[in-house]
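# What the coordinates show
This is what each chain is made of:
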Amino acid sequence: EVSRKCLGSVVELATRVVTGELSNALAVVRPPGHHCEARQAMGFCLLNNVAVAAAVARARLGVQRVLVVDWDVHHGNGIQHIFEEDGSVLYASLHRYGHGFYPGTGGAHAVGEGAGRGFSLNIPWGSAGYGDAEYAAAFERLLMPVAREFAPDLVLVAAGFDAAARDPLGGMEVSPAGYAYMTAQLRSLAAGRLVVALEGGYNLRSISSSAAAVMRVLLGDDPPPLPPAPPCRSAARDILEASRAMAPFWRSVAAALGGPQAQPRSAVARPRLSRAALRELYGTRAYPRRRRRSRWPFKWRATTPSAWRGAARRRPAWHRFMYGDE
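Presented here is a report on the structure given in the accompanying data block. On a predicted model such as this, the values are computed, not experimentally measured, just so you know.

### Concerning the packing of aromatic side chains
All chains considered together, the criterion is met by eight aromatic pairs. Seen in terms of ring centroids, tryptophan 71 and tyrosine 179 are 5.5 Å apart; in terms of plane orientation they differ by 55 degrees. Their pairing is tilted. Of the two residues, tryptophan 71 is situated in the loop between β2 (66–70) and α3 (77–83) and tyrosine 179 in helix α5 (residues 176–187); the sequence distance between them amounts to 108 residues. When the ring of phenylalanine 161 is compared with that of tyrosine 179, the centres are 4.9 Å apart and the planes differ by 85 degrees; the resulting orientation is edge-to-face. Of this pair, phenylalanine 161 sits in the loop between β5 (154–159) and α5 while tyrosine 179 sits in helix α5; the two residues are 18 residues apart in sequence, bridging distant segments of the chain. By the burial criterion, phenylalanine 161 is buried, and tyrosine 179 matches it. Ring pairs connect the aromatic residues Trp71, Phe161 and Tyr179, which therefore count as one cluster.

### A closer look at helix α6 (residues 204–218)
An α-helix turns once every 3.6 residues. As a result, residues three or four positions apart point the same way. The terminal C-alpha atoms of α6 lie 21 Å apart, and with 15 residues this matches the ideal 21 Å at 1.5 Å per residue to within 8%. Three or more residues of α6 are buried, namely Ser206, Ile207, Ser210, Ala211, Ala213, Val214, Val217 and Leu218. What you see down the axis of α6 is that its buried residues fit within an arc of 155 degrees, all on one side. Turned more than 90 degrees from where α6 packs its buried face, Leu204 and Arg205 sit exposed. The secondary structure elements touched by the buried residues of α6 are β1 (24–27), α5 and β6 (194–198). Positive backbone phi, at 115 degrees, marks glycine 220, one or two positions downstream of α6.

### A closer look at the nonpolar core
Core analysis: the biggest nonpolar cluster contains 62 residues, and Trp71, Trp125 and Leu186 have the highest contact counts within it. By residue number, the principal contributor to this core is helix α4 (residues 132–150), which donates eleven residues. Apart from the residues within four sequence positions on either side, tryptophan 125 is in contact with Leu94, His95, Arg96, Tyr97, Tyr130, Glu134, Tyr135, Ala138, Met172, Ala235, Asp238 and Ile239. In terms of nonpolar packing, the next biggest core, distinct from the first, is built from 28 residues, Ala14, Val89, Ala158 and Val195 among them.

### A look at the packing of α4 against α5
Packing of α4 against α5 brings their axes to within 11 Å, and their N-to-C directions diverge by 10 degrees. Taken together, the axes of α4 and α5 lie roughly parallel to each other. Side by side, α4 and α5 meet where Asp132, Tyr135, Ala136, Phe139, Glu140, Leu143, Met144 and Arg148 of the first sit next to Gly178, Tyr181, Met182, Gln185 and Leu186 of the second. Partitioning the contact of α4 with α5 into residue classes produces eight nonpolar, two polar and three charged.

### Comments concerning unusual backbone geometry
Along the chain, arginine 30 connects to proline 31 via a cis peptide bond; the corresponding omega equals 10 degrees. With respect to the helices and strands, proline 31 occurs in the loop between β1 and α2 (49–60). A cis geometry characterises the amide bond from tyrosine 102 onward to proline 103, with omega recorded as 0 degrees. Phi at arginine 166 is positive, roughly 75 degrees, even though this residue is not glycine. As for its position among the elements, arginine 166 is in the loop between β5 and α5.

### Considerations on the pairing of β2
Every regular strand shows the same layout, with side chains that alternate between the two sheet faces. By the criterion of burial, β2 is predominantly enclosed, with five of the five residues buried. Burial along β2 is two-sided: Val66, Val68 and Asp70 facing one way and Leu67 and Val69 facing the other are all buried. For β2 and strand β3 (residues 89–96), the ladder comprises five bridges, and the chain directions are parallel. In the strand pairing of β3, leucine 67 is matched with leucine 90. Assessed by its sense of winding, the connection that carries the chain from β2 through α3 to β3 is right-handed.

### Considering the sheet that holds β5
Sheet architecture is open: six strands sit in the order β1-β6-β5-β2-β3-β4, paired in parallel fashion. Every other strand in the sheet has two partners, leaving β1 and β4 (120–125) as the edge strands with one partner each. Neighbour to neighbour, the strand axes of the sheet diverge by 10 degrees on average, direction disregarded. Packed on one face of the sheet, α5 meets β2, β5 and β6 and runs near 145 degrees to β6. Contacts from α6 reach β1 and β6, with the element oriented near 165 degrees to β1.

### As for the packing of α5 against α6
For the pair α5 and α6, interaxial distance at closest approach is 8 Å and the crossing angle is 35 degrees. The handedness of the crossing between α5 and α6 is right-handed. Packed against α5, whose contacting residues are Pro176, Tyr179, Ala180, Thr183, Ala184 and Arg187, the element α6 presents Ser209, Ser210, Ala213, Val214, Val217 and Leu218 at the interface. Residue composition of the contact of α5 with α6, grouped by class: eight nonpolar, three polar and one charged.

Criteria and cut-off values
- Residues numbered from 1 in each chain as written.
- Predicted model: local features only at pLDDT ≥ 70, side-chain atom pairs only at ≥ 80, totals over all residues.
- Heavy atoms only, no water.
- Phe/Tyr/Trp six-rings, centres within 6.5 Å; stacked < 30°, edge-to-face > 60°.
- Helix = DSSP H or I, 4+ residues; strand = E, 2+ residues; numbered from the N terminus.
- Buried < 20%, exposed > 50% of the residue type's maximum accessible area, 1.4 Å probe, protein only.
- Expected span 1.5 Å × (residues − 1).
- Arc of directions from axis to C-beta.
- Contact = heavy atoms within 4.5 Å.
- Core = buried A, V, L, I, M, F, W, Y, C linked by side-chain atoms within 4.5 Å.
- Axes fitted to C-alpha atoms, helices over the stretch in contact; angles between N-to-C directions.
- Parallel < 35°, antiparallel > 145°, perpendicular 65-115°, else oblique.
- Nonpolar A, V, L, I, M, F, W, Y, C, P; charged D, E, K, R; others polar.
- Pairing = 2+ DSSP bridges.
- Right-handed = clockwise from strand over helix to strand, strands pointing away.
- Left-handed = near helix turned anticlockwise from the far one by under 90°.

Right under this line is the structure:
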């Protein structure tokens, strides 16, 4: 009964936002829903609140395109699987991935099926400890360019706050200011038609402070400025991998990468990299230089390949993607 009321609340708020009665909304509901599959409840989720609201908006309210953003630290497997063959719903998720982290889905290679291929955008974080700088970089470099190209009529957010600092399970460091920044970015889409629905989170103080920051932005306040900090290297590589997976489907991503990209590959089964690929990925300093014996005199000397000589060294791929060649 409680799950049905939570589901009805999210659907009602989405209906009022689409019809213009409300400009935006925040649904403070529990239990969460983004893990619930079409025929199976899982992960504390009995009914998929956001997925049903998106389906109602499409079927009954005349909405053509719906963007669903899931910033819960766990991948919303239920939402993605429900819409993975639907090109009218773009699902974008930022979540931890690998090392046995629940539910184990949402690799960068999972881009959708059939008519929905390219409409599942997964940014899988391979490590813990990411914060505002990493999430802001993912929004600026990948999520928002794809969202603007998609041009949604309605934006729904599966707002789990278990990526917040001090959450006992998430292991991330997103601050209330970081959540406010993401909300402000999404509010610029779909003429401000934005519905935020509570999902996971296991620290009441983190949930309350983060939700309050989101609500202030929904009420019209500007988000507090984030300190200018670049993302860490591992996060930049995660964003680059997700961008390469989406480049065949979105012109904005392909343009940012500077040309046609290879087919996306699994984030779990990684092939062994060649010497040239290692130099491209990690740069020259992290790769050991070759040593050979000279003919005369008979002693060992360090040699540097001609491609590495001089000051004009090519930056690694992740650095060029995030900062350009400067």
